[in-house]
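# Inside the fold
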Amino acid sequence: MRDPKSLARFYETTEQIVTIDKDSPPRVLFSGEDLLLEDLPVGTRVIYPKPPLEGLPNVKAAIRSAINRPEGCDPLHALLKPGMRVTVAIDDISLPLPPMRTPDVRQQVLEVILPLLEESGVEDVHLVIAIALHRRMTEAEMRRMVGDRIFDAYYPDRYYNHDAEDPDGCVVLGTTAHGEKVIVNRRAAESDLLIYVNLNLVPMDGGHKSVATGLTNYEGVKAHHTPHHIRKSHSYMDPERSEMHRSVDRIGRYVDEHLQVFHIETTINNRMFDGPLEFLMKREEDYTELDRLKLAGMRATLKRLPPAAKRKLFQAVPAPYDVIAVHAGMTEPTHAKILEKSWAQYAVDVDFQADVLIYGIPYVSPYNVNSILNPLLVQVMACGYFFNFYRGKPLVKKGGTLIVTHPCSDAFDPEHHPSYIEFFHRLLPETRDAQVLEARYERELAENPTYVHMYRTGHAYHGAHPFFMWYWGENGRQHVGKVIAAGADNAHVPRMMGWDHAETLSEAIDMARAIHGRSASIALLHHPPIVMTQNLG
Amino acid sequence: MAGTERAAFFDVDGTLVRTNIVHAFAFYAMNQGSILGTAWQTARTVLSVPLFAAADRMNRKLFNEVFYRYYAGQSEDRLETLAGELFEDVLRPAIFPGTPRLIEETRRAGCRVVLVTGALDFTVRRLAEHLGADDLIANRMRFVQGVATGRVVPPIIEGAHKALAMRDYCVREGLALEKSFAYSDSFSDYPMLAVVGHPAAVNPDVRLARVARAYEWPILRTTEA
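All of these numbers come straight from a predicted model, not from anything done at the bench. (Residues numbered from 1 in each chain as written. Chains lettered and ligands numbered in written order. Predicted model: local features only at pLDDT ≥ 70, side-chain atom pairs only at ≥ 80, totals over all residues.)

### Some points on the interface of chain A and chain B
Rules: The contact criterion used here is simple: two residues whose C-beta atoms, placed from the backbone, lie within 7 Å are in contact. The way it works is that DSSP assigns letters per residue, a run of H or I at least four long becomes a helix, a run of E at least two long becomes a strand, and they are numbered from the N terminus. In the scheme used here, Gly and all other residues not listed as nonpolar or charged are polar, with Ala, Val, Leu, Ile, Met, Phe, Trp, Tyr, Cys and Pro taken as nonpolar and Asp, Glu, Lys and Arg as charged.
Listed as interface residues are 15 residues of chain A and, on the opposing side, 19 residues of chain B. For the side of chain A that touches chain B, the elements supplying multiple residues, two or more each, are α16 (418–427) and α18 (449–457) of chain A. Top contributing element to the side of chain A that touches chain B by residue count: α18 of chain A, with seven residues. Tallied by class, residues from the side of chain A that touches chain B come to seven nonpolar, six polar and two charged.

Right under this line is the structure:
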């Protein structure tokens, strides 16, 4: 790190918000699988993530401690009886992003609890991956997530993906007071004990959402994945202000009243990159000459590679996340502790809202692990996830302009996202209105037997999933006045999503200034790693 | 007038079962009732393979015409009787593991299940019943006084005629073609795929896979359960 030469510079090196000055270095932004190096206008405020919180020194000891001193219930060993039927539900690899270095924390939890089950005389144990309507994990991904020993012992009869389209695979437990159907995986519902092994990447995950969403079917998810719920979520990263979470919580509480559920929740810090890519974790002010060289080399390499090779390159680098908290027990008190830690890692206090908000869209999202970030997923990152990375007030003003950097290539993975293709090329040209799409087409694609078959036997997302992706951008779309895709390699993809496009970031900023004036306030949310703003004023 | 109900049209060979019409024919050739008859018919079949291959390469319609001529002179009773054994010995074991599930999924979506095949109807009728199909569109052998003539009742169900037969079926049954589904493994079935609203390539050959990718049709497999 360079020595700060003034008090202002010292402030910049220790605070999360840096204001761009005349001599500030250019900023690094993701644009899909490329890295941009961009000079930003003087006065732009760049919001950086907090440094990674320190990881737990002994994760397995922390797991043992959590299950022996759980929140609001007896220790796990006291809940076990010989001959009982236990289902262990596990979060899928949609999280964390990028996938974490092995051993995955889920493997570590299983390595603690499976011997405990065995020692307690519990033999009827199934491991069910709570994929909900996500794609089935491949055999190799399943092996990587739990390690060879557990995989070999349980796969395929006792370690498998939840099947939301198995006609006999789910049971209706009942209906909440608000009329939401409570539908849960049959094996889980008919077990004496359901243990949920969770990995929380962002505050949206975990809690009641684990069982209520992960182990249900289309009808179950549909209860809260609607444009109406998303419009009333401010934001869905903040469960207290999220209509979607209010619905999920009602369903989850109903589940807890009818099933014995023991949650083991974990969360990780934001250490996404190390080794040759560690410079991506730094502020540009702190780059050493070697970092600058690495960046130049990386950009030169990426420039010469085709998109598929670039994807392979990035996807080959697992993240060195550290586990920062493990809690277990009843759903709500366990989740509350995890949320506290999650916000401690991600939340950066801000006291302003910008006219123009910029962020780079990376190559990965929860829905394209080992696949392509297609246009609909670019949209969900822009208007959904990144927009919702706030607590209190959004970082961009109502009617403000959102600038995202991504090539927005018209490319889809036909194996993972077949229904996305139909949604994007058949439905979106007809209407972008989420409520019309929901009313007119959602069920048609959800029940399309081709997509059902590809979900059940291949590795395709459910036919309804592209609708949910579009809804997840709904509060962002309602809030911002304009979205500009900077660096888009075509005009039609941004246009179909209702966006403008610009060849470069500076052109996009000029377009935004034409709307908001020369004195428009500009902010950059600097990813990676994850950062969320907190404006509670 | 087209209705709002819909159908799922399935090609059979290569899509639902791993066999093709040659397997059925070979089965008949090898079950002629006498050793001499069997030897003669089997030898004819083997010797004709280059002819079949050439005809198939040139034109699927020509292939079917040439091929079905080999049934000439066989009694209807015998062909029907052997069809039962054909199903049990050849077709049933060849059903792809994913086939029952795919058919069940189309039924669950409210589709009428219709098999559309260039095979002769008596050879696939039991398969259609076994799979729970509602209807079968297949070629029909012309019989005169209970003996096969070797000519099928026109039009031959293949290629573009599959699409025409499906269109006629939808009109007759009050189904909406644009809401219907079609599944096939072969590029020769491009017309039957193109005529419906929701086509899909199943275990596609190279040419169909290329077309499916170009038109963004879903590609799925029945070869896995």
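More follows now that the structure is in view.
### Side note on the nonpolar core
Operational definition: By convention in this section, buried Ala, Val, Leu, Ile, Met, Phe, Trp, Tyr and Cys residues joined through C-beta atoms within 7 Å make up a nonpolar core. Neighbour counting defines burial: a residue surrounded by 20 or more other C-beta atoms within 10 Å of its own C-beta is buried, one with 12 or fewer is exposed, and intermediate counts give partly exposed, using backbone-placed C-beta atoms. Domain delimitation follows an automatic or database domain assignment.
Counting 221 residues, the largest nonpolar core has Ala89, Ile195, Leu357, Ala382, Ile403 and Leu525 of chain A together with Phe9 of chain B as its most contacted members. The element that contributes the greatest number of residues to this core is helix α15 (residues 375–386) of chain A, accounting for nine residues. Viewed by domain, this core spans two of them, domain 1 (7–52 + 346–535) and domain 2 (59–268) of chain A, each represented by three or more residues.

### So, the sheet that holds strand β13 (residues 347–349) of chain A
Residues and elements named next belong to chain A. The criterion, for reference: Each pair of strands is called paired provided DSSP finds at least two bridges between the two strands. Between N-to-C directions, angles cover 0 to 180 degrees, with each direction set by a line fitted to C-alpha atoms, over the stretch in contact for helices.
Read across the open sheet, the three strands follow the order β13-β20-β15; overall the sheet is parallel. With partners counted over all chains shown, the strands left at the sheet margins are β13 and β15 (390–392), one partner each. Across the sheet, the mean angle separating the axes of adjacent strands is 25 degrees when strand polarity is ignored. Alignment of β13 against strand β20 (residues 532–535), held across three bridges, turns out to be parallel. Considered in β20, the bridge of Ala347 is made with Met532.

### A closer look at the sheet that holds strand β1 (residues 17–19) of chain A
Residues and elements named next belong to chain A. Pairing is mixed in the open sheet, where seven strands are placed in the order β1-β4-β19-β14-β16-β17-β18. Unpaired on one side and paired on the other, β1 and β18 (500–502) mark the two borders of the sheet. Neighbouring strand axes in the sheet, compared pairwise and without regard to direction, differ in orientation by 25 degrees on average. Pairing of strand β14 (residues 354–360) with strand β19 (residues 522–525) involves three bridges; the strand directions are parallel. The residue of β19 that forms the bridge with Val356 is Ile522. Sheet strands in contact with helix α22 (residues 505–516) are β14, β16 (396–405), β17 (482–486), β18 and β19, and its direction is about 165 degrees off that of β16.

### Some points on the pairing of strand β6 (residues 124–130) of chain A
All names here are of chain A. Judged by how many residues are buried, β6 sits mostly within the fold: five of seven residues are covered. Where strand β5 (residues 85–91) and β6 come together, seven bridges link them in parallel fashion. From the neighbouring strand, Asp91 faces β6, where its bridge partner is Ala130. Taken together, the three bridges between β6 and strand β7 (residues 159–161) define a ladder with parallel strand orientation. Opposite Leu127, over in β7, you have Tyr159 as the bridge partner.

### Description of the domain arrangement of chain A
All names here are of chain A. Splitting chain A by domain gives domain 1 (7–52 + 346–535) and domain 2 (59–268). Each of domain 1 and domain 2 was reduced to a C-alpha centroid, and the two centroids are 28 Å apart. On the domain 2 side, the residues contacting the 30 residues of domain 1 number 27 residues. For the side of domain 1 that touches domain 2, the secondary-structure elements that each account for two or more residues are β15, α17 (434–446), α18, α19 (465–471) and α20 (474–479). It is α17 that provides the largest number of residues to the side of domain 1 that touches domain 2, a total of four residues. Each residue belonging to the side of domain 1 that touches domain 2 can be placed in one class, and the counts come to 18 nonpolar, eight polar and four charged.

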